[in-house]
Every structure is written in structure tokens, then in C-alpha cells.
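# Summary of structural features
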Amino acid sequence: EDSFLSNDDEGVWLVADGVGGNVGGELASQIAVQTVDRKLRQGNSLARAIGEANKAILSVVSQQSHLKGMATTIVAVKFIDKQFELAWVGDSRAYIIDSKGIQQLSSDHNVANELYLAGELTKQEAQAHPGQHQLTQALGHSSLSDISVKTGKLSDGSIMLLCSDGLSGVLSEELI
């Protein structure tokens, strides 16, 4: 149910993970990738392009009731030289990997992470909590309230990794 975009010419990469168990997760991730790509080419910001992808998914659902519940997470980056804009919704992640190790840039939109941020769980407890699989935000949920954005500069020798929970939910940061 995952879709991705790798566009070296535009400096854009993204991963969209169709929400498992929901009808149309694969379709939702494809709509997200296509819409973000198109909106960025039209000059929209990354956050606005992701917001438009949410609207596109909701529009398809409103026209085809059997697709109710389809959703996707997304993590996307746009580079201009070494400067980047990162945006995400859900639990697909972005990491910086360099000589110092691995650092998560994104913050999961799920119940376990919200409990961790509220101080109700330790980081270790949050990693094993069943709320790891309960999204608080995803494209296709009409309650999308926030598109998280982070900017920065990629250092020489560093790489950015975008991934779904198919990687980060299975391997520890050290193994990644």
C-alpha cells in the first residue's frame, strides 16, 4: 500500500503509506503522491501541496462511499541545494544519518507519541505501546489539523532517509 516519489530534477522525495486494514489504502497513497507532485510543480509550498492531497482523497471518498476510511500517511522533503523543507502527516518518518549516528527529524502522529510528549509514557514505553498503531492524523481523515513542517540544512556527508513504519516499526534506529 506504499507509494513514493523520487524526483532528482525537482529535489523532491516522498513516501506515502496507505493505512493498512482500510479500504483503498493503496489508492490513497497513490492520490497523495500524484497530488503533491502536481501541486509542487504548480508552485505550491510542500505543506499546501500535502493539504491539497488530503482534499483530493476526501473528494474521492465523497464520490465513492465504498472507499470510506481510506487514508495514508506521508513524509516529504524538498531540497534547494542543501537547504530542505520537510513535511509530514502520520507516522512515516524522516531521519538524518551522519557520522554521529541517526536522528529522527519527524514526530509521529499517533497515540503512543502523544502520550510520550505529554509525559505519561517514557520513550521506551511508547515504543512498545499499542498506541503506536493508532494514528491521530492521516491524509483522508477530515480532522487533519496540522501538517508538521521543519526546515534545515543537510551537512556534508549526511543523508536523509524517508521511510514508512514498515522500516521504522520493525528495526531499531541503531539497526537502521
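Predicted model only: the values in this text are computed from it and were never measured.

All told, the structure shown has 5 salt bridges when counted by the stated rule. The partner of Arg 93 in a salt bridge is Asp 108, and the shortest N-O contact between them spans 2.6 Å. Here Arg 93 is found in strand β5 (residues 93–98), whereas its partner Asp 108 is found in the loop between β6 (101–104) and α3 (111–117), with 15 residues between them in sequence. Classification of Asp 108 as buried rests on a relative accessible area of 7%.

Taken in spatial order, the 3 strands make up an open sheet running β6-β5-β8, and their pairing is antiparallel. For this open sheet the edge positions go to β6 and β8 (159–163), each flanked by a neighbour on one side alone. Neighbouring strand axes in the sheet, compared pairwise and without regard to direction, differ in orientation by 25° on average. Sheet topology places β5 next to β8; 5 bridges connect them, and they run antiparallel. Across the sheet, residue Ile 96 finds its bridge partner in β8, namely Met 160.

Along strand β3 (residues 72–80), 7 of the 9 residues are buried, which leaves the element largely enclosed by surrounding structure. As paired strands, strand β2 (residues 12–18) and β3 are joined by 7 bridges and run antiparallel to one another. Looking at β3, one finds that Val 15 is bridged to Val 75. Inspection of the sheet shows β3 paired to strand β4 (residues 83–89) by 7 bridges, in the antiparallel sense. Residue pairing in the sheet places Ile 74 in a bridge with Val 89 of β4. As consecutive antiparallel partners, β3 and β4 are separated by 2 residues, and within that stretch Asp 81 has a phi angle of approximately 55°, a positive value.

About the thresholds
Position labels on residues start from 1 in each chain and follow its written sequence. At least 70 in pLDDT is required for a residue's local features to be given in this predicted model, at least 80 for side-chain atom pairs to be given and counted, and no such filter applies to totals for whole chains, interfaces and linings, which use all residues. The side-chain quantities take in all heavy atoms of the structure and omit both hydrogens and water. By definition, a salt bridge exists where a carboxyl oxygen of Asp or Glu is found within 4 Å of a side-chain nitrogen of Lys or Arg. Counting from the N terminus, the helices are DSSP H or I runs at least four residues long and the strands are E runs at least two residues long. Between buried and exposed lies partly exposed: a residue is buried under 20% and exposed over 50% of the maximum accessible area for its type, with that area taken using a 1.4 Å probe on protein chains only. Two strands pair under a simple rule: DSSP has to find at least two bridges between them. Each axis is a line fitted through C-alpha atoms, and for a helix only the stretch in contact is used; angles between axes span 0 to 180 degrees, taken between their N-to-C directions.

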